[in-house]
Amino acid sequence: MYDVIIIGAGVSGSAIARELSRYQGKFCVLEKEADICCGTSKANSGIVHAGFDAKEGSLMAKLNVEGNKMMEKLSKELDFPYQNNGSLVVCTNEEDMEILEELLKRGRNNQVEGLQILKREALLKMEPNLSDEVIAALYAPTGGIVCPFGLNIALAENATQNGVEFYLEQEVKKIEKRVAGGYRICTQDTAYETKVIVNAAGVYADHFHDMVSEKKIHITPRKGEYVLLDKTAGGHVSHTVFTVPGKFGKGVLVTPTVHGNLLVGPTAVDIEDKEGTDTTMQGIEEIRRKAAHSVKDIPFRQVITGFAGLRAHEGRHEFLIREVEDAPGFIDCAGIESPGLTSAPAIGKMAAELVREELGLQEKADFCSTRKGILNPADLTMEERGELIRRQPAYGNIICRCEMISEGEILDAIHRPLGATTMDGVKRRTRAGMGRCQSGFCSPKTMEILERELKIRQEKITKNGAGSEMILGRNQDGEI
């Protein structure tokens, strides 16, 4: 019997797990994919929003601002990439100036610090590549950027260090209320019993809510497509540049990433398919067209990949974090769309507090709040790097030439808590395969390392779980 089972190992579920690990109890996370951070949390803008967009007085606004204020300290505690680069919401016509004024007023009411409206002359000193159409912008100095999978993985690893169990490839099929109280959760091959469930299942949160409650909710997958440009384009802007928001969100943005690339997107299309992460030529063209209104001369010939993510949109555009009225001990963490990544640390605290009150949990004396990420040799001096390679020669064997990722970093990714077992797992932890050639060079070498370290044949190695095997088999000579 668990005290708490969390459904979903995305950034919200992992943040809740980390906060719960401060307390005495038996906790676990169930995730249907082969790794953590495989849904909405892996495919988004990586923006730490300032908090001026969310409706005044909403839970979304409150947790956005709280999460923003927590992010820098958390990045130091858990050792993941974060930068406070500031953001701009640009206006291209006089009619939209009223929207900027409204965002300024809303942001100040939401307690966002430092907001101001700047005119074109001041803006061009900050961002010379702004479009010729831009006449003014709302400047938010507290805006930032973060590595989304870096944040998610750091939270999950720290939760694991503090005793939370993560069970991967466990797809929840059924939830039953127990007569004696609590719940029974059945996956494809295992039954779990728990006193409390926290439903942090992203676009599937309505599915699990509806298993236990007569009061139904509906989550719409809102697909957003992006294009990622090479690091040669990473300095085209230094701030995150938004356009004035519309019906479906904050529009197409242009932003640097914490790793030095340039990211442009997303589109926003409501779909029915909760796995619909395909990219389209129409989406790419929409991104190119709309981005030009805010930033000029974007070098789209430097695009190295495109991707799509799904936002868990609830009809009222509000976070649902509460115990379900007709299902005691079942806590929803649903409708977590943008600014969900920013809000995740605050979401974790709020949900964990609901659980603490429900179960009367007591704090641990030995909670460890820190975690060390994978060593990046690029952060070392040449002397330190030379000494590292002398002690551990694997750090001198470069596997990914584009990102200069060594075998030593990949070994760390595999053998650390919640270590990588898939190609995407290695990529998200180390960036091996994220460079200009998009893993064209390093894939075979990475597969050899996974084969050796996990003691599995390469035919069993997947991109991201069952059904995504990388090779079909071996030829008559036994070669791959």
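Residues numbered from 1 in each chain as written. Predicted model: local features only at pLDDT ≥ 70, side-chain atom pairs only at ≥ 80, totals over all residues. Heavy atoms only, no water.

Looking up the protein in an unreviewed UniProt entry gives the name NAD(P)/FAD-dependent oxidoreductase, with the organism given as Mediterraneibacter gnavus.

## Considering the overall build of the protein
Looking only at helices and strands, the protein has 12 helices and 22 strands in total. Expected size for 480 residues packed as a compact globule is a radius of gyration near 23 Å; at 23 Å, the protein falls within 12% of this value. Sequence-distant contacts, at least 24 apart, represent 72% of the contacts inside the protein between residues at least 6 apart. Total accessible area on the protein stands at roughly 20,900 Å², and carbon and sulfur atoms take up 49% of it. Placing the 60 positive and 70 negative side-chain charges of the protein at their respective mean positions leaves the two points 1 Å apart. (Helix = DSSP H or I, 4+ residues; strand = E, 2+ residues; numbered from the N terminus. Rg over C-alpha atoms; globule rule 2.2 N^0.38 Å. Contact = heavy atoms within 4.5 Å. Areas by Shrake-Rupley, 256 points an atom, 1.4 Å probe, with all protein chains shown as cover. Lys, Arg positive; Asp, Glu negative; His and termini not counted. Charge placed at Lys NZ, Arg CZ, Asp CG, Glu CD.)

## Describing the layout of surface pockets
Here the second largest pocket defines a volume of roughly 790 Å³. As for the second largest pocket, its lining consists of 31 residues, and the residues nearest its centre are Pro-81, His-259, Ile-374, Asn-376 and Arg-429. Residue assignment for the lining of the second largest pocket shows that the elements contributing at least two residues are α5 (148-161) and α11 (423-430). Per element, the largest residue contribution to the lining of the second largest pocket is four residues, and it comes from α5. Taken together, the residues that form the lining of the second largest pocket break down as 12 nonpolar, six polar and 13 charged. (1 Å grid on protein atoms, 1.4 Å probe; cavity = no way out; pocket = protein on both sides within 12 Å on 5 of 7 lines; lining within 4 Å. Points joined across faces, edges and corners; volume = space filled by probe spheres on them. Nonpolar A, V, L, I, M, F, W, Y, C, P; charged D, E, K, R; others polar.)

## Thoughts on the packing of aromatic side chains
The final tally for this structure, using the stated rule, is three aromatic pairs. Between Tyr-183 and Phe-330 the ring centres are 6.1 Å apart and the planes differ by 65°, which places this aromatic pair in the edge-to-face class. Within this pair, whereas Tyr-183 is found in strand β11 (residues 183-186), its partner Phe-330 is found in strand β20 (residues 330-334), the two being separated by 147 residues in sequence. For Tyr-183, a relative accessible area of 1% translates into the label buried. (Phe/Tyr/Trp six-rings, centres within 6.5 Å; stacked < 30°, edge-to-face > 60°. Buried < 20%, exposed > 50% of the residue type's maximum accessible area, 1.4 Å probe, protein only.)

## Focus: the environment of Ala-43
By the element assignment, Ala-43 lies in the loop between β2 (27-30) and β3 (47-48). Classification of Ala-43 by relative accessible area gives buried; the value is 8%. Not counting residues within four places of it along the chain, the set of residues in contact with Ala-43 comprises Tyr-226, Phe-307, Ala-308 and Gly-309.

## Some points on empty space enclosed by the protein
Any empty space left between atoms is shown by rolling a water-sized probe over those atoms. As enumerated under the stated definition, the model contains two cavities of 30 Å³ or more in all. His-49, Ala-50, Gly-51, Phe-52, Asp-53, Ala-54, Met-60, Asn-64, Phe-242, Lys-250 and Pro-339 together form the lining of the largest cavity. Of the voids in this model, the second largest cavity is the one considered here, and its volume is about 50 Å³. Looking at the second largest cavity, the residues that line it are His-49, Phe-52, Asp-53, Val-89, Phe-242, Thr-243, Pro-245 and Lys-250. Broken down by class, the residue content of the lining of the second largest cavity amounts to four nonpolar, two polar and two charged.

## A look at the UniProt feature "domain: BFD-like [2Fe-2S]-binding" (unreviewed entry) in the protein
Taking the UniProt record as the reference, the feature "domain: BFD-like [2Fe-2S]-binding" (unreviewed entry) is found at residues 398-451. Taken end to end, residues 398-451 comprises 48% helix and 9% strand; its first and last C-alpha atoms sit 18 Å apart. (UniProt positions renumbered as here; feature names shortened; annotations may be inferred.)

## Structural notes on the nonpolar core
Ile-6, Leu-20, Phe-166 and Ile-321 are the most contacted members of the largest nonpolar core, which totals 59 residues. A domain split of this core shows at least three residues from each of domain 1 (2-40 + 149-217 + 317-363) and domain 2 (82-144 + 220-313). Discounting chain neighbours no more than four positions away, the residues touching Ile-6 are Gly-13, Ile-16, Ala-17, Leu-20, Cys-28, Val-29, Leu-30, Val-198 and Ala-200. (Core = buried A, V, L, I, M, F, W, Y, C linked by side-chain atoms within 4.5 Å. Domains from an automatic or database assignment.)

## Examining the domain arrangement of the protein
It is common to report an interface's size as the accessible area lost on association of the parts. According to the domain assignment, the protein contains domain 1 (2-40 + 149-217 + 317-363), domain 2 (82-144 + 220-313) and domain 3 (377-460). Taking the mean C-alpha position of each, domain 1 and domain 2 sit 31 Å from one another. Facing 12 residues of domain 1, the contacting portion of domain 2 comprises nine residues. Counting the surface lost from both domain 1 and domain 2, the interface buries some 920 Å², and carbon and sulfur atoms represent 50% of this. A per-residue breakdown of the area domain 1 buries against domain 2 is headed by Val-203, Tyr-204 and Glu-337, which together make up 51% of the total. Our count for the domain 1 to domain 2 interface comes out at two salt bridges. If you look at where domain 1 meets domain 2, you find six residue pairs in polar contact (both at pLDDT 80 or more). Of the residues assigned to the side of domain 1 that touches domain 2, the class counts are four nonpolar, five polar and three charged. (Buried area = accessible area lost by both parts, 1.4 Å probe. Salt bridge = Lys/Arg side-chain N within 4 Å of Asp/Glu carboxyl O. Polar contact = N/O pair within 3.5 Å; in protein donor to acceptor, adjacent residues only side chain to side chain.)

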